[in-house]
Structure formats: structure tokens, C-alpha cells
Amino acid sequence: MQTPQQFGPIEVNPGQRVLRVSGAPVAIGGRAFDMLCVLIQRPGELVSKDELLDAVWGRVVVEEGNLHVHVSALRKALGAGVITTVPGRGYRFVPPAGAASSTTPAAPAPVAVAERGPALLGRERDLAALHALLNEARLVTLTGPGGIGKTRLARAALAGRGQHHADGMVLVELAALTDAALIPGAVAAALQLQLATARDPLTALVVATRSLQILVLLDNAEHLIDGVASVVAALLAGGAGLRLLVTSQMPLKLDHEQVYRLAGLQVPDDSLGPLTAAQALGYGAIALLDQRVRAADRRFVLTDALVSHAIQICRQLDGMALAIELAAARCPLLGLPTVAQRLDERFGMLRAGSRTAPARHQTLQAVMDWSHALLSPGEQQALRRLGVFAGGFTLALACQVLADEHTDEWAVVDLLAELVDRSLVSVNDADSPRYLLLETGRAYALAQLAAAGETDMLRNRHAQAMRALAEQVCADFWQLSEADFVARHEPELDNLRAALDWLLQHDATGAIALASGAARLWRCLSLHPEALRRCAQAAALIDAHTPLALAARLWEAIAQLSGEISSAESRAAAERAVALFETLGDARGLYLSLAHLAFSYRSDTPPAREAFARMGALEAPGWPAAVRLLGAKVQGGLASHTHDVAVARSANERRLALATACGSDRDVFAALGNLADVALIGGDAAQAVQLGRALLARLGRRHRVTRAIALGNLMLALLATDDLPAARETATAFIELSRALDHMYLGVTADPLALLAALEERYAAAAQLAAFADAAYAQDQQFREPNEAQARARCAALLQAHCTSVDLARWQTQGADVGAEAVCQLALQMPAQD
């Protein structure tokens, strides 16, 4: 061929052996020019390496690396994308966009060798982040636990990068390799390269790939991590156009490596409350579960009633894609509710993997076994022992539980770092890092712990560490603001629970110490019913051998917790605590117990007055404000019962000041609520409504108990102003919250609910609600507070005026025995329409 050829700005004149680009001559070597002449004869077509070698070098024996050198020279002269590589096969001349020769149409785009992965669900942000890293870095390692979805995400990333790499992309699967020496050969095979046999395989691979502009995915590298790191380092040093994406459970730890840690698919958070199916399907984990169940059972529909079960499955499986798919395979036979209920048996149940999946992904057990086998004996021991932690742990707690005569604290630090690198332990990015085993990893670790015969030893270590933490919780409550106290100790709530469960069965004194020490944390989190149940279990273990100080502290905690639920139970516990603290000579403990005792009467009775007087004699100005504010609390309550508005307001303002000084949000809100109550007692219902609404606007998610009280008080104020629509709206909000709190305030809020019903002319409901309230106060041996008493009297007057005595007697009999849920239904009945 001697005729000049024009391809847009590229002009090739074979006769004169001249190359021009945009009219300017460009100097290239003779062999490169010969190669170009061969390629332009077949624009857009593949020209094999053998064809090029024969046409340019004839019978001279040369290495394939010579081709790469001259192709690189042509690319520099012609621009990126004009000469493309089909790895392992040859090269293709692709004229610039819009250019055409006199004899040949424009060529097709280069072909990527990587397969397009399956559609992703819930990984849009991860995919975008991965693309951004691949645009910036030559080495990106995608890490995460086994089964999390690394391979699927990496393949999806390759499928979208055809325009970025002139020579395409290639996937190299490493999972089946057992010897790192085989890695260069596996890469060469994927690239369809024949390596020079006279050279070391890695050196030959570096030479063969030096001029390539290609993205290579090395998938599943964790079991050959050192060998992969060596190959990757050599490849990156050898060719500037080469980029690598590696999937592994741990990073390669090479210079300039960018690591992207892949977390589980997103699962709805508890704080969102109940979700519809449409809302839940917006989360990747739920969408994947729904897709895979429908693939197995075309009749399946995720209904609103099934959403909670779907969320439970995905949350317990940590959003792990493989585990969710395995669970989905069981759903057609067992149903979502049963699968959710039996996830404690996950390793036995989740074993119906795809037949086309690798063996390590056939069952959940196999996934974990694969990761576990890659650990050293010391790392395996650390992993199984970390299983005793529930809900995560700090480095300090890990050292307390793992360190022993064979493993010092620095060794624990090193082991933990290695487990984090291997994606078996996750860590947040807080200033004080917190570590976590995912639920599936923890279940596996506990099984390994049992198999090693170490369960009792490690459970006891964990329990003793948490008992020590409970002492710190107890001390911190009086010194820290409530916000700081909760932020510091709420993360250990699940650990405290697990430790207490263990101690209740194995160490009575330890259980009493932990329950009493941690009780105020439960209270700050509005977990009163749970806290009372756990403290009652510990109290049942008190005997003659129990240290008096621990018994006294537990009874004082029970008195405080039950004081917001049951006056009778609070009074009994407070009396025990008072007697014990008197014996111990503990003035502050006695002061706290007397406060609970006085508060339990809910009225200005002689015993309450006596308790308050004793408190006054004990109170020391040097005590923390969090202690002294209890005196103001009791004084305000007593004054309210006697309708002494001035004293009640003054006492609550003093409580507000002390609570503000010590950062006790709960007492700040309680004082504000009491000031609204006092306004209503004084006859200023409008101010009570204003104060009540302002308080509700300030309350956060954590203050559910205070919100329930505030809603009841606001209802009373709104009824006093005859604003029935607003009172009904408030009642609806209260009922919803009451259900979440196990109806702990339903009895004392039944009076405004009854008055609302009476004012709406729902007299049967009003009579039953009033009778329910009467029974609740009688059972609790409690007097009504002034505003509740006023509401009850007003309701009684309406019932007397509009109902017969026979009807009232019948309805009151029914109401005295009605259950909590029936009360909620009665309260929210709609009034009859005219």
C-alpha cells in the first residue's frame, strides 16, 4: 500500500514514509511506522500479534515486548484511544471520532473483556465513591468481610469504565489459587498473554504489560495477601498506564494504596419507627431481600405487615448481601416471620446457596470458615474471645477481657489491629474509637468460643469488667451532665445487659453491684420497666451475705425507678433503703432514700413531711447539685398538694436552677413541667398551656417518660380551656407513647382521658375511664394530685348530670376491670355525629 490515507487529523503517506498529525509532521521509528501501515489497512479490525510480528519483523525472532514499545510510541504520536489493545490477542486502529478514510467506515469502540456484573441494589453511593477513587488512584483495594458484596460491586465498577482505559478491563479470579507463585500466570492468562519462558514469570509479566492502558481486577486476594502485594507493587512500578482494583478482606498495605471499606447494605434505623413496605424498599438490604424472595417465589409480596420481619432479618444479618440471599432462599418454605425468629440458628439454616457460587459462598458457615482459616492461632483466639462483647467495645475493655499471663495489652492492640485489617472487626472514626463484631461474626465467634471450652472463663471476665464499669457509671452520674453521662455510657448498655444476665446466674453479689450501679443509666434512657425487672431479679438474690452498702444502693435505685410508676412499690423499697443507710451511717444515701419515700406519698401527709424535714437536717451545701435538687423536688410537690402556689413555684424554680447547673436535662424538663402544673393549680390555664407546649417542643428522643407526663399535663390544661380538638390530638399522642412505655403512666392520665370523653358526650367511655383511674389509684395506694383531682371532680359532675345511676354503676363496674389496651381504645373513640 503506497496511497496516502487520511483519518481526520491523521495523515499517513506510506510511499514517503511520512506521518502528519493536524498538518504537522511527526517523527516515529521505522518499526512503529510499519506497524501503523499494517493497522490502518484494517481500521476497526483486530490485527493479531502474530500478524504484526510477521509483517514488521518477518522471520526475525523478537519478544512481544517489542510490540508494546512501538505501540506506546504510536499512542504518544496519535493520541490516546487511536491504538487500542485487545489483551492477549492484538491491536486495533480506531480512527478519531467523526473521521473516515476513502475506503473504510468508522470503527467500533474498543471492547472490554470484563463481564458486566449483576444489577446492584443499594450500592449507588458505594459505586460512585469507587469510581471516584479509580479516577484518582492507580491502586484501589475494596475491603470488607466475606459475603458483604465486594466482588459484585467491583464487577459493576468495571462494567462502567470502558471509556477510561484504552486497552479495556480484565478480571482475575484468585480464590482458587493456593500458591502465590501462580499469581503472575493467572494474570497473564486473563490477559491472554504468553510470557517469555526464559524469564522469571513476574518479570516477564511486568515487561508484557508495561505499555498497556488497562484496569485489572484482582478478586479475592485475602488468602494470598503477601504474594498479591508483591505482584501489584511490581506491576505498578513497571507500567504507568496500568491500574489495579483489588478485592480483599484486608488491605495490601502498599504505598499510595487507596482503601475503600465496604459496609453492609443499609437497613432502617429503629428510631424511624414503623415503616410501610414502600418506605422500607428504599433501603438496599430490604430491596435485596424482596428481590431474592420474589425470585424464589413469584407469589411473594412484601406487605406492610411483613416489613418488621424483613427489617429484623436484614438487621441481624448486618446488611450482608450473601447472608440476605441465603435467608431469602428459606423464605418460600418457612415464611419471613419464621426465618426472622430462627436467625439464632443462622449457621444451620442459611446453607441453601446458589449452585453456581464458589464453595466458600454456598453456606454462611463456609463464608466464616474461609475467613477464620486465614487467621493465626493468636488471632483466632482473640476473635472468639471478643465474641463475649455485645454491641461493641472500647480498646480498654478489650484489654481487660483479652489480656492474660500470655497476652499483654500491647499484644491485644496488635491483634485487634490485625482483625480490623481483615474486616472481621469494624471500627468507627470517633476520637475514642469503638470496635464491633457484626452479628454474624459474633455468632461465629461464640460458637468457636464454646468449641474451645472457654465460654465460662470469658463470660466471667467480661462480667467482672462490666461490674467495674458499673461502679464508674454510678460515680459519673453525680459529676457529669446528663448529656455527657449518656454519651459516655449508653454505648455499653448491651454489654451491661449481657454481663448482668451472666451474673444473675453465677455471682449474686456481682449482680447486685452491677444492677444498682447501672440503674441510673437505664433511667436516663427512659427504660424504667426493663430497669425495674432487672433490679428486682438482683434484689431476689439479697441475703445475709450481701454487703449492706450494695443492698442499700439497690433498694434506693428501685425506690427511685418505681417512684415514677408505683407509689406502693417505691415506698416499700425506700423504707428498706432508709433503714440500711441509717445502719451504715451514710448521710447522702439516707437523703436520697428519704426523698423517694416522701415523693411516694404524692400528697402532704405527716410521713411525707417528716421525711422532708429529715432531708433538710442532712443536706450539705458541698453535695453535688444533682443530689440537692431532690430537696427542691420534694418541697415543690408538697406545696402543690396544699395549693401553696408561691412556695411551689419557688421550689420548682430552685430545682430548675440546680438542674441547669449540673446539666440534668431530665430535672430541667421536670421542673418546667411542674411550673406549668403550678400555673394550672393557680387558675392560669392559658399559661399552663403555653408552658406545656414549650416544654414538649424542647424534649428530645430520649426523654420519652418526661414527654408522657408532659402530654398528660397539657391535656389537663387544654381541657381547662375547653379546647377539645387540641385535647384530643394530645390524647392521641399520649396513647401512642403509652404503648411504647408499657402503659406506665396510663393510670394517672386516665382522669383527663375520662374528662375528654365526658366533654365529647361519650359518657359510657367516660364512666369506664374514670373507674379505671379510681382502681389504679387505689391499687397504688396513691392520692390524686390537685389538677387530676379537679379533672376527676368535673368528670363526675358531668356524668351525674347526664347519666342514670344504673348506667353509671354498670359502666363503672366494667371500667374497674378493663385492660390497658381497652382503655386506649375507649379513650380514642370518636364522638357520635349529630
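Residues numbered from 1 in each chain as written. Predicted model: local features only at pLDDT ≥ 70, side-chain atom pairs only at ≥ 80, totals over all residues. Heavy atoms only, no water.

## Quick look at the sheet that holds strand 15 (residues 434-436)
The antiparallel open sheet is built from 3 strands, whose spatial order is 13-15-14. Of all strands in the sheet, those with a lone pairing partner are strand 13 (393-394) and strand 14 (426-427), marking the two edges. One ladder, built from 2 bridges, connects strand 14 with strand 15; its direction is antiparallel. Paired with serine 426 across the bridge in strand 15 is leucine 436. (Pairing = 2+ DSSP bridges. Helix = DSSP H or I, 4+ residues; strand = E, 2+ residues; numbered from the N terminus.)

## Considerations on the sheet that holds strand 8 (residues 139-143)
Spatially, the 5 strands line up as an open sheet ordered 9-10-11-8-12, and their pairing is parallel. Taken across any chain shown, the strands that pair with only one partner, and hence form the sheet edges, are strand 9 (169-173) and strand 12 (258-261). Strand-to-strand, the axes of this sheet are offset by a mean angle of 20°, without reference to chain direction. Sheet topology note: the strand 10 (residues 214-219)/strand 11 (residues 242-248) ladder contains 5 bridges and is parallel. Bridging from a neighbouring strand, valine 216 pairs with leucine 244 of strand 11. (Axes fitted to C-alpha atoms, helices over the stretch in contact; angles between N-to-C directions.)

## Thoughts on the side chain of asparagine 652
With respect to the helices, strands and loops of the structure, asparagine 652 is situated in helix 30 (residues 645-662). Given a relative accessible area of 1%, asparagine 652 falls into the buried group. Looking at asparagine 652, its side chain comes within polar contact range of the side chain of asparagine 674, at 3.1 Å. Excluding residues that lie within four positions of it along the chain, asparagine 652 makes contacts with Gly636, Ala671, Asn674, Leu675 and Val678. (Buried < 20%, exposed > 50% of the residue type's maximum accessible area, 1.4 Å probe, protein only. Polar contact = N/O pair within 3.5 Å; in protein donor to acceptor, adjacent residues only side chain to side chain. Contact = heavy atoms within 4.5 Å.)

## Side note on the state of the cysteines
Applying the stated criterion across every chain, the model contains 0 disulfides. Cysteine 474 carries a free sulfur, and the closest cysteine sulfur to it, the one in cysteine 535, is 11 Å from it. The exposure class assigned to cysteine 474 is buried, which follows from its relative accessible area of 17%. (Disulfide = S-S within 2.5 Å.)

## Examining the nonpolar core
Ranked by internal contacts, the top residues of the largest apolar core, which has 153 residues, are Leu386, Phe393 and Val425. Those residues within four positions of leucine 386 in sequence are excluded, and the remaining contacts are Phe393, Ala398, Leu402, Leu416, Leu419, Val425 and Leu437. (Core = buried A, V, L, I, M, F, W, Y, C linked by side-chain atoms within 4.5 Å.)

## Here we look at the pairing of strand 8
Burial runs high along strand 8: 5 of the 5 residues are buried. Neither face of strand 8 is left uncovered, since the one carrying Leu139, Thr141 and Thr143 and the one carrying Val140 and Leu142 both have all their residues buried. For strand 8 and strand 11, the ladder comprises 5 bridges, and the chain directions are parallel. Bridge pairing in strand 11 links valine 140 to leucine 245. Bridging between strand 8 and strand 12 involves 4 bridges; their strand directions are parallel. Residue pairing for strand 12: threonine 141 is matched across the bridge by valine 259.

## Let's talk about the pairing of strand 3 (residues 18-21)
Burial along strand 3 is one-sided: the residues Leu19 and Val21 are buried and none of Val18 and Arg20 is. Here 4 bridges tie strand 2 (residues 10-13) to strand 3, and the two strands are oriented antiparallel to one another. Looking at strand 3, one finds that asparagine 13 is bridged to valine 18. Counted along the chain from strand 2 to the antiparallel partner strand 3, the turn is 4 residues long, and its residue arginine 17 has a positive phi close to 55°. As defined by bridge partners, strand 3 adjoins strand 4 (residues 24-25) across 2 bridges and the pair is classed as antiparallel. Each bridged residue has a counterpart across the sheet, and for valine 21 the counterpart in strand 4 is alanine 24. Once strand 3 ends, the chain turns through 2 residues before running back antiparallel as strand 4, passing serine 22 with a positive phi of about 55°.

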